[in-house]
Amino acid sequence: MINGPFSGEANGLNGAGATFPQVLYSKWFDEYAKVTNVKVNYQGTGSGAGKNAIRDQTVDFAGSDSPMSDAELEAAKAKCGETIQHIPTTLGAIVVAYNLPNVSQKLKLDGDVIAKIFMEQVKKWNDPAIAALNPGVTLPNEEIITVHRSDSSGTTDNFTSYLNLVSPAWAAGPKSGSTVQWPGGIGANGNPGVASEVKNNPYAIGYVELAFAKQNSLAYADVKNKEGQFVTASAASVTAAGQAFAPTAPADLRFKLVNAPGAQSYPITAITWILVCPKQTDQAKAVALTRMLWWATHSGQQFNEALDYAPLPPAIVVRAEGFINAITVNGQKAFPGK
Amino acid sequence: MCYLLAAAGDLAQTQILIRESGCSVAVQAAKHRRVSSAARVTLNDGRGGAWGDRTFQAVTFTFAAIILLLIVTIFVVLFVDARVALAKEGLRFVTGQVWNPTEGVFGALPYIYGTIFTSLIGLVIATPIAVGAALFIVEYAPAWLRAPVSFVVELLAVIPSVIYGFWGIAVLAPFLRDRLERPLKAALGDVPGLNQLVQGPARGRDMLVAGVILAIMILPTIMSVAREVISTVPGTQREGMLALGATKWEMIRGAVLPYARAGIVGAAILGLGRAIGETMAVTMLIGNSSTKISWSLLTPGYTMASAIANQFADANNSLHFSAIIGVAVILLFVTGAVNLVARLIVSRFGGDTRATGI
């Protein structure tokens, strides 16, 4: 239990990366400063830039919701000396947010139609493919403006991984990754960038973390899951997806949660990590970092649901504890235990 | 090197030589002291002597060399870093249409195309306005209005790029989307051929919007150079036309524009050079998407500069990084070549490049 400052710890930490958990991290680090007086500075630069930053050790930790590949882990060993660890912090939903003036009903979409929209094969809102899923909704005869990420993004990685699983056309076309070859549409920087482009452009559609859709008052579609149910993105439906996957999580916790089984599971769910070098060299920073990670994976979780993120499944928290305890500074265990 | 000339002969001849070599201050000094053969001592003011001069020469040489060295370093570093990607892709780097970092395929043609397309849109819009404004300032405006109008137009040049971008997002893009792109689509959507120009939804993040913001940004460059060139047209030319009974417009068409034509072309190309390299405002408005080449004005895309700005921090493997540097090399060459051409044209036909401020 961390409930106060610790003598000898650094009074500041620097992190950068994923924008997906940024809303939650802002809240966390604000609360954490109140508890411990340690100021944690986090810049939402995108997962790709975050992975580069931890590789080059220009930050104390990085945020990413796209796991580092084996090649990236190997490249990062040069500066860190060890394999970078993926410490999970929260689960969240990637929602398909849209801007349809004069349409008040919530739209329903499935993976196949979402893929066709982003491949610009379904070009208009009143396309029969969308209409078939939304009986009774008057759809406008307007062209769809798709919005995607222009930066290297874990949100893109999870979103395209989902489309890759559910749409053969997508799997044969853009495939999955932090950046893909989009057939068209506007590129925007970070989750906030996509949210504001959708908000500013009538008839636009984009994919963002749920918290960004809520903050910008964007409508978002219910998505058909593996069991054929249309599920609304929420902390509860994300938790359901997380629980479905937790037992099969690999040892290093590099895994994806998309297209989860279970009637209640939201299909486009993502896990996000804080990436750290387990071989620290600065005593004060190492203590501050491990204490912050412990707090985030324990006390911090109470803030998740209010911001529409899901708390980590208990089984995953236990694994995270193991990772935090394994962080060393100059050969000694870094975490002081409280 | 004035003192060597001064020491060489009599004062009168020296003055001519000195004047030709641009040492007018030295001439004044020489006159006042009424010296001829002793000019060398006088010009050096009796202090420092040849040693001081050599020191000064060395200092200025160092500064000049630093600048030269900087340019050489930039070229060398860019080439070295770009080598990997250029070697892998070869000619496909400039002819390929697929840019996919995940799969390690890098064809920069859409970026090159985006740069050229947006710059040309900017040029086509900006040149007539800039030349018109320049003509007004030189030929029509009353003397009291000239300075304020020039000042205001040139003020456009000092507005930071990011402010143009912000204004573009907040004001220009929604305006163009609703008042230009939608009507344009309605008008041309069914016209065979021309409908290729308006494929895709009106987004307000595309080549057209980026081109319009570029037009505004390069307006002051073109205008101020065009103004200088037009004002170098000899008064006798104008008077000759007027004496033949020409109206003011005929005078401008017959005497001013033909004389200034090359200079105006140079001004436009100089504006083009600025448009090609412009980054921030374009990045905010062009839609940042590696989409394939299309004739549509409504395509979101990338320019070379915006692609570099957007992808630089993300490049997570050496090949992607190298490919982005490769784009920088192309950009450097294109801007360099365009500027060179502009200077050649202006200096050959438009007279003195120093007077035109370039």
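Residues numbered from 1 in each chain as written. Chains lettered and ligands numbered in written order. Predicted model: local features only at pLDDT ≥ 70, side-chain atom pairs only at ≥ 80, totals over all residues.

Visitor: I'm lost on the overall build of chain B in this one. Help?
Guide: Counting secondary structure elements, chain B contains 15 helices and two strands. Expressed as a percentage of the 358 residues in chain B, the buried residues total 41%. Sequence separation of 24 or more characterises 72% of the internal contacts of chain B that already satisfy a separation of 6 or more. (Helix = DSSP H or I, 4+ residues; strand = E, 2+ residues; numbered from the N terminus. Buried ≥ 20, exposed ≤ 12 C-beta atoms within 10 Å, placed from the backbone. Contact = placed C-beta atoms within 7 Å.)

Visitor: Teacher, can you tell me more about the overall build of chain A here?
Guide: Summing up its helical and strand segments, chain A has twelve helices and 15 strands in all. Here the C-alpha radius of gyration of chain A, 20 Å, is about what a compact globule of 338 residues would show, namely 20 Å. When each of the 338 residues of chain A is scored for burial, the buried share is 57%. Residue pairs in contact within chain A that sit at least 24 positions apart in sequence constitute 73% of those at least 6 positions apart. (Rg over C-alpha atoms; globule rule 2.2 N^0.38 Å.)

Visitor: Any chance you could explain the sheet that holds strand 11 (residues 230-231) of chain A here in plain terms?
Guide: Hydrogen bonds between backbone groups are what pair the strands of a sheet, and the pairing can be parallel or antiparallel. The sheet built from three strands is open, its strands ordered 5-10-11 (chain A) with mixed pairing. The open sheet has two edge strands with one neighbour each: strand 5 (108-109) and strand 11 of chain A. (Pairing = 2+ DSSP bridges.)

Visitor: What is the right way to look at the interface of chain A and chain B in this model?
Guide: Frequently, the measure chosen for interface size is the accessible area that the parts lose on association. Taken together, the contact between chain A and chain B spans 25 residues of the former and 19 residues of the latter. Elements with a contribution of two residues or more to the side of chain A that touches chain B: helix 2 (47-55) and strand 7 (186-188) of chain A. No other element matches helix 2 of chain A, which puts four residues into the side of chain A that touches chain B. Of the residues belonging to the side of chain A that touches chain B, the class tally is seven nonpolar, 14 polar and four charged. (Nonpolar A, V, L, I, M, F, W, Y, C, P; charged D, E, K, R; others polar.)

Visitor: Sorry if this is basic, but what is going on with the environment of Val94(B) here?
Guide: Residues and elements named next belong to chain B. The residue Val94 is located in helix 6 (residues 92-95) in this model. Using a count of 16 C-beta atoms within 10 Å as the deciding quantity, one classes Val94 as partly exposed. Once residues within four sequence positions are removed from consideration, Val94 is found in contact with Ala108, Leu109, Ile112 and Ile330.

Visitor: Looking at this structure, how should I read the pairing of strand 6 (residues 145-149) of chain A?
Guide: Residues in a regular strand point their side chains to alternate faces of the sheet. All names here are of chain A. Burial analysis of strand 6 places five of its five residues in the buried class, which makes it a mostly covered element. Side chains of strand 6 alternate between two faces, with Ile145, Val147 and Arg149 and Thr146 and His148 buried alike. Where strand 6 lies against strand 8 (residues 204-209), three bridges are found, and the strand directions are parallel. Across the sheet, the residue bridging to Ile145 is Ala204, located in strand 8. Judged from the three bridges that link them, strand 6 and strand 7 form a sheet pairing that is parallel. Within strand 7, the residue paired with His148 across the bridge is Gly187.

Visitor: When you look at the nonpolar core in this model, what are you seeing that I'm missing?
Guide: In this structure, Val95(A), Val96(A), Ala97(A) and Met292(A) are the most contacted members of the largest nonpolar core, which totals 105 residues. Ignoring anything within four residues of it in the chain, the contact list for Ala97(A) reads Ala195(A), Val198(A), Gly206(A), Val208(A), Ala213(A), Leu218(A), Ala219(A) and Tyr220(A). (Core = buried A, V, L, I, M, F, W, Y, C linked by C-beta atoms within 7 Å.)

Visitor: Any chance you could explain helix 4 (residues 111-118) of chain A here in plain terms?
Guide: For an α-helix the count is 3.6 residues per turn, leaving residues at separations of three or four pointing the same way. Burial within helix 4 of chain A is extensive, with six of its eight residues counted as buried. Remark: Glu120(A) follows helix 4 of chain A within two positions and exhibits a positive phi of approximately 60°.

Visitor: Please clarify how the sheet that holds strand 14 (residues 328-329) of chain A should be interpreted in this entry.
Guide: An order of 13-14-15 (chain A) is seen for the three strands of this open sheet, with the pairing classed as mixed. Each edge of the open sheet is held by one strand with a lone partner, namely strand 13 (279-280) and strand 15 (332-333) of chain A.

Visitor: Before we go on, may I ask you to explain the packing of helix 4 of chain A against helix 6 (residues 154-166) of chain A in this structure?
Guide: Residues and elements named next belong to chain A. Close contact between helix 4 and helix 6 brings their axes to 9 Å; oriented N to C, the two are set at 115°. Like other packed secondary-structure pairs, helix 4 and helix 6 cross with a definite hand, here left-handed. In this structure, helix 4 uses Gly111, Asp112, Ile114 and Ala115 to contact helix 6, whose residues at the interface are Tyr162, Leu163 and Val166. Across the contact of helix 4 with helix 6, the residue classes tally to five nonpolar, one polar and one charged. (Axes fitted to C-alpha atoms, helices over the stretch in contact; angles between N-to-C directions. Left-handed = near helix turned anticlockwise from the far one by under 90°.)

Visitor: Help me understand the pairing of strand 1 (residues 12-17) of chain A in this model?
Guide: Residue and element names in this part refer to chain A. Two elements, strand 1 and strand 2 (residues 39-44), share six bridges in a ladder whose sense is parallel. Bridge pairing in strand 2 links Gly12 to Lys39. Since strand 1 and strand 2 lie parallel, the crossover through helix 1 (residues 22-36) that links them has a hand, and here it is right-handed. Where strand 1 and strand 3 (residues 61-64) come together, three bridges link them in parallel fashion. Paired with Ala16 across the bridge in strand 3 is Ala62. (Right-handed = clockwise from strand over helix to strand, strands pointing away.)

Visitor: Before we go on, may I ask you to explain the environment of Val98(B) in this structure?
Guide: The topology assignment puts Val98(B) in the loop between helix 6 and strand 1 (99-100). Measuring from C-alpha to C-alpha, the distance between Val98(B) and Gly189(B) comes to 28 Å, with 91 residues separating the pair along the chain. Not counting residues up to four positions away in its chain, the partners in contact with Val98(B) are Gln181(A), Val105(B) and Gly107(B).

Visitor: How should the packing of helix 2 of chain A against helix 3 (residues 70-80) of chain A be read in this particular structure?
Guide: In a packed pair of helices, the relevant descriptors are the angle between the two axes and the axis-to-axis distance. All names here are of chain A. Contact pair helix 2 / helix 3: the axes reach a minimum separation of 8 Å and the direction vectors enclose 40°. Seen from helix 2, the contacting residues are Lys51, Ile54 and Arg55; seen from helix 3, they are Glu72, Ala75, Ala76 and Lys79. Looking at the contact of helix 2 with helix 3 residue by residue, the classes come out as three nonpolar, no polar and four charged.

Visitor: Looking at this structure, I do not really get the confidence of the model for chain B. What am I missing?
Guide: Residues and elements named next belong to chain B. Taken residue by residue, chain B gives an average pLDDT of 84. The fraction at 70 or more is 84%. When the elements of chain B are averaged for pLDDT, helix 1 (residues 2-8) gives the smallest value, 39, and helix 7 (residues 109-140) the largest, 95. When the criterion is pLDDT under 50, residues 1-39 qualifies, and its contacts beyond four places in sequence or with other chains add up to 42 contacts. Under a pLDDT of 50 for its full length, residues 352-358 has, in the predicted model, 18 contacts with residues more than four places off or in other chains. This complex was scored by the predictor with a pTM of 0.85 and an ipTM of 0.83. (pLDDT = per-residue confidence, 0-100.)

Visitor: Would you mind showing me how to read unusual backbone geometry here?
Guide: Residues and elements named next belong to chain A. Even without a glycine there, the phi angle at Asn37 is positive, about 65°. Mapped onto the fold, Asn37 is located in the loop between helix 1 and strand 2. Judged by C-beta crowding, with 13 C-beta atoms within 10 Å, Asn37 ranks as partly exposed.

Visitor: It is not clear to me how the environment of Ala82(B) should be interpreted in this structure. Could you clarify?
Guide: Residues and elements named next belong to chain B. One can find Ala82 in helix 5 (residues 49-89). Considered as a pair, Ala82 and Leu319 are 237 residues apart in the sequence and their alpha carbons are 8.8 Å apart. If we ignore the near neighbours within four places in the chain, the residues touching Ala82 are Ser322, Ile325, Gly326 and Val329.

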